[in-house]
Amino acid sequence: MVKIIEIKTHQRTELVDITESVAGAVKSSSVKEGTAYVFVPHTTAAVTINENADPDVKRDILMEMNKVIPFEGGYRHAEGNSAAHIKSSLFGAGLTVIIGGGKLLLGTWQSIYFCEFDGPRSRSFYVKIQED
Amino acid sequence: MVKIIEIKTHQRTELVDITESVAGAVKSSSVKEGTAYVFVPHTTAAVTINENADPDVKRDILMEMNKVIPFEGGYRHAEGNSAAHIKSSLFGAGLTVIIGGGKLLLGTWQSIYFCEFDGPRSRSFYVKIQED
Amino acid sequence: MVKIIEIKTHQRTELVDITESVAGAVKSSSVKEGTAYVFVPHTTAAVTINENADPDVKRDILMEMNKVIPFEGGYRHAEGNSAAHIKSSLFGAGLTVIIGGGKLLLGTWQSIYFCEFDGPRSRSFYVKIQED
């Protein structure tokens, strides 16, 4: 079962909490033990897990990444979004969360984030639920 | 089957070799062909695979990452550990190792490392073994 | 089923498109719904997904990564390839692609790349196909 979920991003770089969407896909699958795999089919976006409490963490992650991989550099790619491609590979296109007792086995402070690195755009991600 | 393994870290940033723990979970599961998924339920830690021979590799990885993502910067997060959150997303919360013949199919020089980026702390990680 | 695929790299750092190899492994497995897991058993290489259209994207990714994690620094590892070990952990040793309808469910612009960070060398990667 693969569910395709559409989202809209609103900033050039943005972390969008998608935990509830993924949890909803788990719930509607009725799978109790297994895995949820989240995959981003874009090359200037990614998916990651990070803190869900203080919004400054999201702000600090993006601020620092935009400093380490600057928007402008000695890039040749004509579309001008090479920095977004690099961040996409650094954060990664997919991640797995374990399902236990019908729930995502995330740590207390963990949320799943869709990472926009070249927005704002209409985007999508896939959720594949696999039963043990 | 999900096994929760506790560890203690002793440095602010540290790579702890957890290969034996993961291999032990595989052995006790009696699974011969499948996958072992290692997941870290913390937002200032991660899991990675790297060289197991020369300890200077671990030292160099941490030294360089602490240079690229400095502990102090223009961060706003009040807990003061934003650098750890960023490294956590760069290294990643989970990774899969293939099981073949009842063993982890790692390369000769590969070990699995728990990555502490905001220690020392008591930590844990999950190992989920799946049979084909 | 684990398939081992051999490749040769030709540059010190290089992104080699391996999408066709992985798609071939899927095809020969006859699996219609499931996952393909690609794993690199080396500690100075990695696997990633990125754009397949403009070759300047590959060039920009490598150029910028070689700037952020320079070949020479305060490294101690005697083999002199610590930068490659660090890039290996940043990009990651493994990634999963969803299989649907017997095909890899990649986005339009996505290819799978073997990442050489310490070449040229003879290398290999594993492809494990799992059916739902």
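This report concerns the structure included in the present document. (Residues numbered from 1 in each chain as written. Chains lettered and ligands numbered in written order. Predicted model: local features only at pLDDT ≥ 70, side-chain atom pairs only at ≥ 80, totals over all residues. Heavy atoms only, no water.)

1. Observations concerning the relation of the copies chain B and chain A
- Screw-axis analysis of chain B against chain A gives a translation of 0.0 Å along the axis, an RMSD of 0.0 Å, and a rotation angle of 120 degrees. Both copies are brought into coincidence by an operation consistent with a three-fold rotation axis. When each C-alpha of chain B is compared by its distance to the rotation axis, L90(B) comes out closest, at 3.4 Å.
- When you check the interface residues of chain B against chain A, a mere 7% turn up at the interface there too, and the two sides of the contact use different surfaces. (Least-squares fit on C-alpha atoms with pLDDT ≥ 70 in both. Contact = heavy atoms within 4.5 Å.)

2. A word on the sheet that holds strand β8 (residues 122-131) of chain A
All names here are of chain A.
- One open sheet holds the five strands; their spatial order is β1-β8-β3-β5-β6, and the pairing between them is antiparallel. Every interior strand has two partners, whereas the edge strands, β1 (2-8) and β6 (103-104), have only one.
- With two bridges joining them, strand β5 (residues 94-100) and β6 adopt antiparallel strand pairing. Within β6, the position partnered with I99 by the bridge is L104.
- Helix α1 (residues 19-29) rests against β1, β3 (34-39), β5, β6 and β8 of the sheet, and its axis sits at about 40 degrees to β8. (Pairing = 2+ DSSP bridges. Helix = DSSP H or I, 4+ residues; strand = E, 2+ residues; numbered from the N terminus. Axes fitted to C-alpha atoms, helices over the stretch in contact; angles between N-to-C directions.)

3. Remarks on empty space enclosed by the protein
- Under the counting rule described, the total for this entry stands at three cavities of 30 Å³ or more.
- There is about 600 Å³ of room inside the largest cavity.
- Along the wall of the largest cavity there are 41 residues; nearest its centre are G94(A), F91(B), G94(B), F91(C) and G94(C).
- For the lining of the largest cavity, a count of residues per class yields 23 nonpolar, 18 polar and no charged.
- Size it by volume and the second largest cavity reaches roughly 60 Å³.
- The wall of the second largest cavity is formed by M65(A), V68(A), I69(A), L90(A), M65(B), V68(B), I69(B), L90(B), M65(C), V68(C), I69(C) and L90(C).
- Those elements giving two or more residues to the lining of the second largest cavity turn out to be α2 (55-68) of chain A, α2 (55-68) of chain B together with α2 (55-68) of chain C. (1 Å grid on protein atoms, 1.4 Å probe; cavity = no way out; pocket = protein on both sides within 12 Å on 5 of 7 lines; lining within 4 Å. Points joined across faces, edges and corners; volume = space filled by probe spheres on them. Nonpolar A, V, L, I, M, F, W, Y, C, P; charged D, E, K, R; others polar.)

Any functional reading would require information beyond the geometric quantities listed.
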